[in-house]
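Now for the letters of each chain:
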Amino acid sequence: MQQPNQRGGQRVQQQQPFNPLAIRTKKNQLDKNDYAKMALVQVWKKEWWRALIPLVLFSLPAAFAFSWWWVAGAVIMTVLYVLVRSAQVMGVTQMEQSNVLFERVMFEIDQRQILMKRNDREGMTLQWDMIERVTQTKDAYQMYLKGPAADQLPKGWKGWLAKNFNVPVFLHLPFKIFNSPNDIKLMESLLRRKNFIPA
């Protein structure tokens, strides 16, 4: 997985200019286990059907010459696939490049950018064009970063694997970190203007 700043974000060390129109949040830190659970839900909602492929393929011989060995083999291969794919998703939380997602930061969000600030001097800027989509749950916004472009992927089967078995990378902004209900309304309005949520 690439660091968000490798996807176009910029780490900043100097004092950022004060923007009175920016939406400012309280500091928040996303727990790695919570992130892994949310990422697993996203992956398996989208890819559940892939777990059926080894089940069907390894069960086919049993249709012609039934044996419990074929059935057991099909189940084992399916379980192995699920475990390997889940381990890949959970492994993101252990990578050094992912640490930025789990730092204690506050957000400053405006029309131009999303600024993740450790303090008044350190932070990272994400441009809106780095965001692929935003989902709204009952208590949070999840902002998914775009993956690498096709020309940034490796060639051949490695590129195919990277494209089809990627891990979602997202910022999780619970409503509780906003300073007032009005800030949540402003955020919703901003996301509508950016066409991330329906009007």
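The residue numbering used here restarts from 1 in each chain and proceeds along that chain's sequence as written. A pLDDT threshold of at least 70 governs which residues receive local features in this predicted model, and a stricter bar of 80 or more applies before side-chain atom pairs are shown or counted, although totals over entire chains, interfaces and linings include all residues. Excluded from the side-chain calculation are hydrogens and water; included are all heavy atoms of the structure.

**Some details on the UniProt feature "transmembrane region" (unreviewed entry) in the chain**
Then comes step 1: UniProt positions are given in the numbering used here, feature names are shortened, and annotations may be inferred rather than shown by experiment. Here, the residues flagged by UniProt with the feature "transmembrane region" (unreviewed entry) are residues 51-84.
Then comes step 2: Runs of H or I in DSSP of at least four residues are treated as helices and runs of E of at least two as strands, each being numbered from the N terminus. A helix fraction of 88% and a strand fraction of 0% characterise residues 51-84, whose end C-alpha atoms lie 11 Å from each other.

**Regarding the environment of R193**
Then comes step 1: Position of R193 among the secondary structure elements: in helix α5 (residues 181-193).
Then comes step 2: Side-chain atoms alone can form a polar contact between residues adjacent in sequence; in general such a contact is a pair of N or O atoms within 3.5 Å, and within protein one must be able to donate a hydrogen while the other accepts it. In this structure the side chain of R193 is engaged in a polar contact, spanning 2.9 Å, whose partner is the side chain of S189.

**Details of the environment of M38**
Then comes step 1: Its location among the elements puts M38 in helix α1 (residues 32-47).
Then comes step 2: Residues M38 and F170 lie 132 residues apart in sequence; the distance between their C-alpha atoms is 9.8 Å.
Then comes step 3: Ignoring anything within four residues of it in the chain, the contact list for M38 reads L30, Q142, F170 and H172. Contact definition: two residues touch when any of their heavy atoms are within 4.5 Å.

**Some points on helix α3 (residues 68-91)**
Then comes step 1: The length a helix should cover is 1.5 Å for every residue beyond the first. With 24 residues, α3 extends 34 Å from end C-alpha to end C-alpha; this agrees with the ideal 34 Å at 1.5 Å per step.
Then comes step 2: Per-residue accessibility, obtained with a 1.4 Å probe over protein chains only, is compared with the maximum for each type, and a residue is labelled buried under 20%, exposed over 50%, and partly exposed between these values. Listing the buried residues of α3 in full gives A74, T78, R85, S86 and V89.
Then comes step 3: On the buried face of α3, the contacting elements are α1 and α2 (52-64).
Then comes step 4: Where α3 starts, the residue carrying a side-chain oxygen 3.1 Å from the main-chain nitrogen of W69 turns out to be S67.

**A word on the side chain of T25**
Then comes step 1: Along the polypeptide, T25 turns up in the loop between β2 (23-24) and α1.
Then comes step 2: Among the polar contacts made by the side chain of T25, one reaches the main-chain amide nitrogen of F107 at a distance of 2.9 Å.
Then comes step 3: Not counting the four nearest positions on each side in its chain, T25 is found in contact with M106, F107, I177, F178 and N179.

**Quick notes on the pairing of strand β6 (residues 131-136)**
Then comes step 1: The sheet contact formed by β6 and strand β7 (residues 140-145) spans five bridges and is antiparallel. Bridge pairing links T135 to Q142 in β7.
Then comes step 2: Turn length for the β6-β7 hairpin, with the two strands adjacent in sequence and antiparallel, is three residues. For two strands to be treated as a pair, DSSP must find no fewer than two bridges joining them.

**What to know about the packing of α2 against α3**
Then comes step 1: At their nearest, the axes of α2 and α3 sit 8 Å apart, and the two run at 170 degrees to each other. Taken together, the axes of α2 and α3 are roughly antiparallel relative to one another. Facing α2, whose interface residues are P54, L55, F58, S59, P61 and A62, α3 presents W70, V71, G73, A74, V75, M77, T78 and Y81.
Then comes step 2: Residue classes follow a fixed rule: Ala, Val, Leu, Ile, Met, Phe, Trp, Tyr, Cys and Pro count as nonpolar, while Asp, Glu, Lys and Arg count as charged, and any other residue, Gly among them, counts as polar. For the contact of α2 with α3, the class distribution of residues is 11 nonpolar, three polar and no charged. Lines are fitted to the C-alpha atoms to define the axes, a helix being fitted only along its stretch in contact, and any angle between axes, read from their N-to-C directions, falls within 0 to 180 degrees. Any angle from 65 to 115 degrees is called roughly perpendicular, while one under 35 is roughly parallel, one over 145 is roughly antiparallel, and all others are oblique.

**What about the pattern of salt bridges?**
Then comes step 1: By definition, a salt bridge exists where a carboxyl oxygen of Asp or Glu is found within 4 Å of a side-chain nitrogen of Lys or Arg. Per the stated rule, a full pass over the model turns up eight salt bridges.
Then comes step 2: The salt bridge involving R118 is made with E103; its shortest N-O contact spans 2.7 Å. Here E103 lies in the loop between α3 and β3 (106-109) and R118 lies in the loop between β4 (113-117) and β5 (123-127), a separation of 15 residues in the sequence.
Then comes step 3: Across the pair E188 and R192 runs a salt bridge whose closest N-O atoms are separated by 2.7 Å. Of this pair, E188 and R192 both sit in helix α5, four residues apart, which is roughly one turn of that helix.
Then comes step 4: According to the relative accessible area criterion, E188 is partly exposed, its value standing at 21%.
Then comes step 5: Of the residues examined, R192 reaches a relative accessible area of 34% and is grouped as partly exposed.
Then comes step 6: Sharing partners across several salt bridges, the network here consists of R24, E108 and K117.

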